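Next come the chains, spelled out residue by residue.
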Number of protein chains: 2
Amino acid sequence: AGDPALGKSKSATCVACHGAEGKVSVPMYPNLAGQNAMYLEQALQSYKKGERTSGQAQVMRAYVANLSDADIADLAAYYASLKP
Amino acid sequence: AGDPALGKSKSATCVACHGAEGKVSVPMYPNLAGQNAMYLEQALQSYKKGERTSGQAQVMRAYVANLSDADIADLAAYYASLKP
């Protein structure tokens, strides 16, 4: 499982769209705070592999391109740990 | 915008995986309660159009195949209205 503290340290580029605490002000983006880690991990892997192609998928794919599996697990653990 | 009350009336098939109030017990599925309606609508449309292909996308595609745009908007409004 990922490490939330490490995930927080890797979340700088997520904040612009997903908010400082995983809560969004722009309604086209999803809130992440309190989302299930396993789902977040699967979603990030899907973006990375090009298995989501609409919405912000191209943006997401670029952002996650350089993330390792451990990075993705850490980010998922971090956002899952936040209060919705 | 969708109608939350109508959305609730259309949510019977969502409950099995996404929980009675949009909160999930199985960690591979996302919580929906309090998610942004615009994001939920985009996600459902993406599943319907086959623009998500991994995770539970095939299951989701089958579930949303017969939903109209209005149905999707109502469901998005309903889940967005729930407390996270």
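This next bit is on the overall build of chain A. Helices and strands together make up the secondary structure of chain A, namely 5 helices and 0 strands. For chain A, the α and β elements follow one another from N to C terminus as α-α-α-α-α. Radius of gyration (C-alpha) of chain A: 11 Å, near the 12 Å computed for a compact globule of 84 residues. Taking all 84 residues of chain A together, 44% fall into the buried category. Across chain A, every contact between residues at least 6 apart in sequence was considered, and the portion connecting residues at least 24 apart equals 66%. Of the accessible surface of chain A, which amounts to about 4400 Å², a share of 57% is contributed by carbon and sulfur atoms. On chain A, the mean spot of the 8 positive side-chain charges and the mean spot of the 7 negative ones are 6 Å from each other.

Before going further, it helps to spend a moment on the relation of the copies chain B and chain A. With an axial shift of 0.0 Å and an RMSD of 0.0 Å, the rotation relating chain B to chain A amounts to 180 degrees. Taken together, the rotation angle and the small translation identify this as a two-fold axis. For chain B, the residue whose C-alpha comes nearest the rotation axis is Arg52(B), separated from it by 2.2 Å. Both copies present the same face, since 100% of the interface residues in chain B are matched by interface residues at the equivalent positions in chain A.

Attention now moves to the environment of Cys14(A). Residue and element names in this part refer to chain A. Position of Cys-14 relative to the elements: it lies in the loop between helix H1 (4-9) and helix H2 (15-18). What makes Cys-14 buried here is its relative accessible area of 18%. Discounting residues that sit within four places of it in the chain, Cys-14 has contacts with Gly-19, Leu-75 and Tyr-79.

A separate point is the layout of surface pockets. Considered as a void within the structure, the second largest pocket measures approximately 210 Å³ in volume. If you trace the second largest pocket, you find 14 residues lining it, with Ala33(A), Pro84(A), Asn31(B), Ala33(B) and Pro84(B) closest to the centre. Each residue belonging to the lining of the second largest pocket can be placed in one class, and the counts come to 6 nonpolar, 6 polar and 2 charged.

Another aspect to go through is the interface of chain B and chain A. Facing 21 residues of chain B, the contacting portion of chain A comprises 21 residues. Remark: the boundary between chain B and chain A carries 0 salt bridges. Between the two partners, chain B and chain A, sit 14 residue pairs in polar contact (both at pLDDT 80 or more). Residue composition of the side of chain B that touches chain A, grouped by class: 10 nonpolar, 9 polar and 2 charged.

With that settled, consider a nonpolar patch on the surface. Taken together, the side chains of Val26(A), Met28(A) and Met38(B) define a hydrophobic patch exposed on the protein surface, amounting to about 240 Å² of accessible area. Looking at the element boundaries, Val26(A) is found in the loop between H2 and helix H3 (37-48). Relative accessible area serves as the criterion here: at 37%, Val26(A) is assigned to the partly exposed category.

This paragraph deals with the packing of aromatic side chains. Scanning all chains against the criterion turns up 2 aromatic pairs over all chains. The ring centre of Tyr47(A) lies 4.9 Å from the NZ or CZ of Arg52(A), which sits over that ring.

Rules and cut-offs
For every chain, the first residue of the written sequence is number 1, and numbering continues from 1 onward in sequence order. Starting at A for chains and at 1 for ligands, labels are handed out in the order in which the entities are written. Totals for whole chains, interfaces and linings use all residues, but because this is a predicted model, local features are given only for residues with pLDDT of at least 70 and pairs of side-chain atoms are given and counted only at 80 or more. Hydrogens and water are ignored here; the side-chain numbers use all heavy atoms of the structure. Secondary structure is summarised from DSSP: a helix means a run of H or I of at least four residues, a strand means a run of E of at least two, and numbering begins at the N terminus for each. Using C-alpha atoms as the atom set, the radius of gyration is obtained and then compared with a globule rule of 2.2 Å times the number of residues to the power 0.38. Each residue's exposure class comes from its accessible area (1.4 Å probe, protein chains only) as a fraction of the maximum for that residue type: buried when under 20%, exposed when over 50%, partly exposed otherwise. Contacts: residue pairs with any heavy atoms within 4.5 Å of one another. Methods summary: accessible areas were calculated by the Shrake-Rupley approach with a probe of 1.4 Å, and residue burial reflects only the protein chains presented. The sign given to each residue is positive for Lys and Arg and negative for Asp and Glu; His and the chain ends receive no count. Where a charge lies is defined by one atom per residue type, namely NZ (Lys), CZ (Arg), CG (Asp) and CD (Glu). The fit set for superposing copies consists of C-alpha atoms from residues with pLDDT of at least 70 in both; the fit itself is least squares. Buried and open spaces are told apart on a 1 Å grid over the protein atoms alone, a cavity being a set of points where a 1.4 Å probe fits but cannot get out and a pocket being an open set with protein on both sides within 12 Å along at least five of seven lines. Residues with an atom within 4 Å of a point are the lining residues. Grid points are joined across faces, edges and corners, and a volume is the space filled by probe spheres set on the points. Amino acid classes used here: Ala, Val, Leu, Ile, Met, Phe, Trp, Tyr, Cys and Pro are nonpolar; Asp, Glu, Lys and Arg are charged; the rest, including Gly, are polar. Any carboxyl oxygen of Asp or Glu that lies within 4 Å of a side-chain nitrogen of Lys or Arg is treated as forming a salt bridge with it. Polar contacts, as used here, are pairs of N or O atoms within 3.5 Å; protein pairs need one atom able to donate a hydrogen and one able to accept it. Residues neighboring in sequence count only if both atoms are side-chain atoms. Each patch is built from salt-bridge-free residues with over 30% relative accessible area, joining like charges within 9 Å and nonpolar side chains (Val, Leu, Ile, Met, Phe, Trp, Tyr) within 5 Å. Stacked, tilted and edge-to-face are the three classes assigned to paired rings of Phe, Tyr and Trp, where Trp is represented by its six-membered ring and a pair needs centres within 6.5 Å; plane angles under 30 degrees give stacked, over 60 edge-to-face, the rest tilted. Geometrically, a lysine NZ or arginine CZ counts as sitting over a ring once it is within 6 Å of the ring centre and also within 35 degrees of the ring normal.

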